[in-house]
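# Structural features, examined
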Amino acid sequence: MIRDGSNKKLLDRIWDKIPPTPFCFLGMGIFRVWTGTVNDSAAFPLVDFSAYGYFDIVTAVFLLCLAALSRWIVPLCRKPFIFPLTGFFMIACACMRFYTVLHPELAATLTTPALFLGALGVGLILMLWSEFYGCINPLRVALYYSAGIIVSVFLLWIFKGLAFYWLWAGTCIVPVVSLGCLWRSYKTLPEDEYPHASWGKFSFPWKPILVVCLYSFAFGLHESIFHGYLSYSSGEGDLFAALFVYLGIMLRRETFNFSLIWKLAMPLMLLSLVPFGLLLPGGSWLTDVSAVASYTLYTILIVVILSNLSYRYGVCALWIFGIERAVRLIAVQAGIGASQFIWAADAPQSAAFVPTTVIIAVIIVIVTRFFFSEKQLSSPWGVLLEQPLDKNREAYLEKNRIGMKCRELAKQYDLTTREEEILLLLCLGKKPAAIEEELYVAKSTVKTHIKHIYQKMGLHSREELFELVGVNPRCYGTSPNTQP
């Protein structure tokens with residue numbers, strides 16, 4: 001009995017270490033399975049979307065259009081037709097692609113409509129998930145996104161073994177499941193945390209976008225990655241990167257250091273620029289895995305940073321993610337084009353290879369160290385509210401002001417990253433129980449953090465905190481006398 005009780009306590013402690021991740025939050029990863037099967041020339045040689053990067057270019061143009069129109073069309077999740085329309089676009093594209101395998105004579109006819117329908121579907125579902133990520137805490141974004149990637153890798157491995165018709169059916173089911181997960185994820189949010197219909201005019205955070213653009217270009221230089229069976233998204237590098245982030249959050253939770261992501265991604269990308277394929281038998285595998293792992297790590301990091309800008313400062317998720325994703329797709333295609341130019345002589349000893357990779361490596365080190373070495377996740381990253389719209393003007397000004405004020409107070413009183421995050425949630429009217437759920441920490445831990453915050457700032461109650469920050473407690477329907 002004692003042994004059984006000890007084992008139960010041990011299992012309980014292990015289980016407490018595992019952050020809860022409901023299935024619905026994995027929908028973004030499930031969507032990746034669709035792109036891993038449909039947008040791949042190896043599986044569909046008769047309808048080559050990847051030729052000249054047409055699919056990515058069309059998707060990028062559509063995303064830029066969505067970003068330009070975001071002022072008038074947000075929030076997408078509130079449009080009653082958007083979910084079924086997105087699913088229709090993606091299913092129609094998949095059916096056209098698979099149908100051309102059975103009827104090659106229709107390939108030329110169906111290529112263009114399939115390409116445009118697929119690009120529209122991908123653009124819409126990306127932005128729908130981006131809007132959701134802009135409504136939740138960045139720790140949860142990193143947890144859900146990395147867990148989704150892990151799921152997508154294993155699903156793609158399963159898809160590789162499916163017979164043709166089963167693969168066709170599975171590919172059509174994937175967008176339905178992803179959209180269903182998205183709809184259910186929104187249902188978990190309180191009504192007042194949904195994306196809003198109006199937003200302010202913000203300066204663009206070009207620094208992190210420049211870094212991810214640089215890494216996307218370097219990733220595109222590894223053209224061989226894009227010719228694998230089904231997708232590079234089912235590779236070991238993708239799995240390694242996602243596991244690193246997910247396990248890091250699972251084990252460290254509130255103390256997880258997001259700077260570890262770029263500190264690991266930078267040497268991996270530098271490692272990928274070494275031509276191991278020319279130096280070692282099977283060395284090209286190491287090069288490709290390093291490139292994919294680095295690119296995936298930066299993908300996770302940029303999603304967390306941009307969603308936090310929307311969550312903390314009220315930046316329109318559709319606008320900021322639309323531009324970022326479009327720039328990233330274009331940068332990858334630019335890298336692929338540069339790779340083809342470098343190897344135009346069709347010789348492994350191409351004279352352009354060594355100087356080009358050395359220059360890229362130097363730029364990666366300088367730019368990454370300059371933009372990330374002293375940045376915190378809660379930093380505004382150059383975002384400034386320049387002009388709020390008339391509708392909900394006060395609400396947007398207030399959210400932006402509180403975010404900036406908390407950042408200022410955190411520096412002034414030397415608060416930790418976690419303490420700053422809890423400070424923001426307190427100022428937004430969150431109670432300890434809600435903060436516990438938001439950050440996946442124990443209630444006792446939240447109360448300890450609040451106690452430390454009050455001690456460092458010389459406060460004794462939330463009323464004093466609200467007075468210091470200039471928050472009207474009536475706006476949040478909470479009692480200002482909450483004690484730590």
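The rules we used
- Residues numbered from 1 in each chain as written.
- Predicted model: local features only at pLDDT ≥ 70, side-chain atom pairs only at ≥ 80, totals over all residues.
- Heavy atoms only, no water.
- Salt bridge = Lys/Arg side-chain N within 4 Å of Asp/Glu carboxyl O.
- Helix = DSSP H or I, 4+ residues; strand = E, 2+ residues; numbered from the N terminus.
- Buried < 20%, exposed > 50% of the residue type's maximum accessible area, 1.4 Å probe, protein only.
- Expected span 1.5 Å × (residues − 1).
- Contact = heavy atoms within 4.5 Å.
- Phe/Tyr/Trp six-rings, centres within 6.5 Å; stacked < 30°, edge-to-face > 60°.

### Topic: the pattern of salt bridges
The full count for this structure, using the stated rule, is two salt bridges. Note that Arg 32 and Asp 238 form a salt bridge whose closest N and O atoms lie 2.3 Å from each other. Of this pair, Arg 32 sits in helix H2 (residues 27-38) while Asp 238 sits in helix H10 (residues 236-252), and the two are 206 residues apart along the sequence. Under the relative-accessibility criterion, Arg 32 is labelled buried at 14%. Close ionic contact of Glu 324 with Arg 328 constitutes a salt bridge, the shortest N to O distance being 2.8 Å. Of this pair, Glu 324 and Arg 328 are both found in helix H14 (residues 317-342), four residues apart, which corresponds to roughly one turn of the helix. Across the pair, Arg 328 and Glu 324 agree in class, each one buried.

### Examining H10
Spanning 17 residues, H10 covers 24 Å between terminal C-alpha atoms, matching the ideal 24 Å at 1.5 Å per step. Buried within H10 are the following residues: Gly 237, Asp 238, Leu 239, Ala 241, Ala 242, Val 245, Tyr 246, Gly 248, Ile 249 and Met 250.

### What about the side chain of Ser 178?
For Ser 178, the location among the structural elements is in helix H8 (residues 164-187). On the accessibility criterion, Ser 178 (0% relative accessible area) is buried. Each residue touching Ser 178, except ones within four places of it in the same chain, is listed here: Gly 27, Met 28, Ile 30, Phe 31, Ile 125 and Trp 129.

### Focus: the packing of aromatic side chains
Scanning all chains against the criterion turns up 16 aromatic pairs. Geometrically, the ring pair formed by Trp 129 and Tyr 133 is tilted, given 6.0 Å between the ring centres and 40 degrees between the ring planes. Remark: Tyr 133 and Trp 129 occur in helix H6 (residues 107-133); sequence separation between them is four residues, near one turn of the helix. Of the two residues, Trp 129 and Tyr 133, neither departs from the other in class, the shared state being buried. Measuring from ring centre to ring centre gives 6.1 Å for Tyr 133 and Tyr 145, while their planes differ by 90 degrees; the resulting arrangement is edge-to-face. A residue pair is termed long-range when its members are at least 10 positions apart, and Tyr 133 in helix H6 and Tyr 145 in helix H7 (residues 138-160) qualify at twelve residues. Residue classification places Tyr 133 among the buried residues on the basis of a relative accessible area of 2%. These aromatic residues form a ring-pair network of at least three members: Phe 25, Trp 129, Phe 132, Tyr 133, Tyr 144, Tyr 145 and Tyr 186.

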